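Survey of secondary and tertiary structure
If you want the building blocks of each chain, they are given just below.
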Amino acid sequence: MSKANILVVDDQDSIRHFVSRALEDEGYAVQVTGSVRETRQVLDQDMPDVAILDLKLPDGTGLELLREIKRVQPEVSVIMMTAFGELETAVEAMSAGAFWFVKKPFQNEELLALVTRALESQKLWLELRRLRHHAFADEDYLHSSSTPMQEAYAIAEQVARGDTTSVLIEGESGTGKEYFANLIHRMSARHDKPFVEINCAAIPSELLESELFGHEKGAFTDARAQKLGLMELASGGTLFLDEIGEMAPMLQVKLLRVLERRTFKRVGGTKDITVNLRVISATNQDLERRVREGAFREDLYYRLKVVPLYVPPLRERREDILPLSRLFMERFARQFKKPFREVSPAAERLLTEYGWPGNIRELRNLFERTVLLEAGETLEPHHLKLHARPRPAAESTAGQRLDEYLSGALPADGIPFEALVEEIERALIMRASYATKWNQSRTAELLRLKRDKLRYRMKLYEIRPDAGAALRTGTE
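Attention in this report is confined to the structure presented alongside it. (Residues numbered from 1 in each chain as written. Predicted model: local features only at pLDDT ≥ 70, side-chain atom pairs only at ≥ 80, totals over all residues. Heavy atoms only, no water.)

This brings us to the overall build of the protein chain. Along its length, the protein chain carries 20 helices and 16 strands. In the protein chain, which comprises 476 residues, the share counted as buried stands at 49%. Entry remark: accessible area of the protein chain is about 23,800 Å², with carbon and sulfur atoms responsible for 51%. (Helix = DSSP H or I, 4+ residues; strand = E, 2+ residues; numbered from the N terminus. Buried < 20%, exposed > 50% of the residue type's maximum accessible area, 1.4 Å probe, protein only. Areas by Shrake-Rupley, 256 points an atom, 1.4 Å probe, with all protein chains shown as cover.)

Further remarks concern the packing of aromatic side chains. Counted by the stated rule, this structure contains eight aromatic pairs. Centroid distance Phe 195 to Phe 240: 6.2 Å. Interplanar angle 25°. Geometry classified as stacked. Residue Phe 195 is found in strand 9 (residues 195–199), and its partner Phe 240 is found in strand 10 (residues 238–242); the two are separated by 45 residues along the sequence. Using a relative accessible area of 0% as the deciding quantity, one classes Phe 240 as buried. For the pair Phe 332 and Phe 336, a centre-to-centre distance of 5.9 Å together with 10° between the ring planes defines the contact as stacked. Of this pair, Phe 332 and Phe 336 both sit in helix 13 (residues 321–336), four residues apart, roughly one helical turn. Grouping aromatic residues by their ring pairs yields a cluster made of Tyr 153, Tyr 179 and Phe 180. A cation over a ring is seen here: Lys 254 above Phe 213, with NZ or CZ 4.5 Å from the ring centre. (Phe/Tyr/Trp six-rings, centres within 6.5 Å; stacked < 30°, edge-to-face > 60°. Lys NZ or Arg CZ within 6 Å of the ring centre and 35° of its normal.)

Bridging between strand 1 (residues 5–9) and strand 2 (residues 29–33) involves five bridges; their strand directions are parallel. Residue pairing for strand 2: Ile 6 is matched across the bridge by Val 30. As a crossover connection, the stretch from strand 1 through helix 1 (residues 13–25) into strand 2 is right-handed. (Pairing = 2+ DSSP bridges. Right-handed = clockwise from strand over helix to strand, strands pointing away.)

Attention now moves to the nonpolar core. Counting residues in hydrophobic clusters, the biggest one holds 30 residues, and the most contacted among them are Leu 241, Ile 244, Met 247 and Leu 255. Mapped by element, the contributors of at least two residues to this core are strand 9, helix 8 (205–213), helix 9 (230–234), strand 10, helix 10 (249–261), helix 11 (287–292) and helix 12 (298–304). Here the element with the most residues in this core is helix 10; it accounts for five residues. Setting aside residues no more than four positions away along its own chain, Leu 255 makes contact with Phe 213, Met 231, Leu 241, Ile 244, Met 247, Leu 300 and Leu 304. In this structure, Ile 321, Leu 322, Phe 340 and Trp 356 belong to the second largest nonpolar core, which totals 24 residues. (Core = buried A, V, L, I, M, F, W, Y, C linked by side-chain atoms within 4.5 Å. Contact = heavy atoms within 4.5 Å.)

The omega angle of the peptide bond from Lys 104 to Pro 105 is -10°, so this bond is cis rather than trans. Looking at where Pro 105 falls in the secondary structure, it is placed in the loop between strand 7 (100–103) and helix 5 (108–135). With a phi close to 60°, Asn 359 is a non-glycine residue in the positive phi region. Tracing the backbone through its elements, the reader meets Asn 359 in helix 15 (residues 359–373). When its relative accessible area of 0% is taken as the criterion, Asn 359 is described as buried. Despite not being glycine, Arg 448 shows a phi value in the positive range, around 55°. With respect to the secondary-structure elements, Arg 448 resides in the loop between helix 19 (440–447) and helix 20 (451–460). The exposed category is assigned to Arg 448, whose relative accessible area is 79%.

Let us now look at the pattern of salt bridges. With the rule as written, the count across this model stands at 20 salt bridges. Here Asp 54 and Lys 104 are joined by a salt bridge, their closest N and O atoms 3.1 Å apart. Taken together, the residues span a long stretch of sequence, with Asp 54 in strand 3 (residues 50–54) and Lys 104 in the loop between strand 7 and helix 5 at a distance of 50 residues. As far as burial versus exposure is concerned, Asp 54 and Lys 104 are alike and both buried. Measuring nitrogen to oxygen at the nearest pair gives 3.5 Å for the salt bridge that ties Lys 193 to Asp 192. On the basis of relative accessible area, Asp 192 is assigned to the exposed category, the value being 52%. Linked by salt bridges that have partners in common, Asp 10, Asp 54 and Lys 104 make up one network. (Salt bridge = Lys/Arg side-chain N within 4 Å of Asp/Glu carboxyl O.)

Spatial strand order, 2-1-3-6-7: five strands in an open sheet with parallel pairing. Lying at the two open borders of the sheet, with one neighbouring strand each, are strand 2 and strand 7. Mean inter-strand twist for the sheet, computed between neighbouring axes without regard to direction, equals 20°. Both strand 3 and strand 6 (residues 77–82) contribute to a ladder of five bridges, which runs parallel. Looking at the pairing, Ala 51 lines up with Val 78 of strand 6. Contacts from helix 1 reach strand 1, strand 2, strand 3 and strand 6, with the element oriented near 170° to strand 2. (Axes fitted to C-alpha atoms, helices over the stretch in contact; angles between N-to-C directions.)

Read across the sheet, five strands follow the order 9-10-13-8-14 without closing on themselves; strand pairing throughout is parallel. Where the open sheet ends on each side, the last strands, each with one partner, are strand 9 and strand 14 (307–310). Across the sheet, the axes of successive neighbouring strands diverge by a mean angle of 20°, strand direction being ignored. As defined by bridge partners, strand 9 adjoins strand 10 across five bridges and the pair is classed as parallel. Across the sheet, residue Asn 199 finds its bridge partner in strand 10, namely Asp 242.

Fair warning: the whole summary comes from geometry, so function is off the table for now.
Next comes the structure, spelled out in structure tokens:
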């Protein structure tokens, strides 16, 4: 087997010398550079298996190099070297795809152990990536050629390769948040450790605390024996907290402590218990709004959202509707031994025009019910019992009203300022969305908004692709 290639980037001669010597003693092929410019010249010739980057360099930052490496060759494992006071930047590096970071000064043994883990994770990730479509071929959510879903998969793969401990998956009900949580776990180095999930909305808060943290014998009336919590059971693996927005404030405080210190106490206990786990949270709520409303802790929100992953609704990936429809029809036709073979053009139009508020789950359930109860070889609109949702009227008066207010005296009774601003924002977002064919990345660029802010406003104003039909005249 050929030696792994390691690139060490640091502007200090002493660090380059000692790190490269320790790596070479372990049998690795090592290259060293001391600047961004020099590193780029090396990367143009050959990509390493592992890159060890200092955050601060004379002519730039290791963060720049990290992003360039990940853009060109995502499978390269990157370890960041950080000095005291650079923890916030290190967290940013983890979000950008770094495998892990090591604090200066460090022992060579610590760095060597990280390199070994990075290479093992890389090998596993490449193998899982190669097998993904075969191993998980029956997963509904894999059947996607849309840009938003490919972006979600890219983030999931980067998260799985690294050891980022907090991931927040956002998306509507039925989009596949639980599936992505499972996918991250299965593609990670933790794949052979437990994957433990709990729905925070399904259990009363007083019971949820005991479920998560466990309890000691006698901690409360019915605590007849010691109970291990899900945190302990998931140690080494992944804890998936679904519907995290429903967690009570008291439990939010305890969860924050676990995320920051990796320790907790059982209910009624006095001993600190240390755990090593990745926490993946999911929500269909607007947590940012709940933070503003005081219903969710701000510090916990940002601690959970080290890496955000947005799962798009089906209406944002309409090119996937017909392939998924055919997949479900064929699957349930085999299962129920029905003769359905194709979807008629009229039924296809109905399927693509519908708003799908229940997303993939609704689509799959529709085909299971339809194939089971209906008969025939061609699926027609009357089989579906589905009616396209009415398209909302465009708010086309915003510009006219603004012109009126700016061109003359203001009305004596004043103007509806907040409502007018919202109306104008909604109209601009709809026009930009239609101009970009509802591509959120390009829409955000056109409006000079961050993508998270665009998504928030689209959700706030209930802007969906089917709301843009009335704006199509004169917008191209």
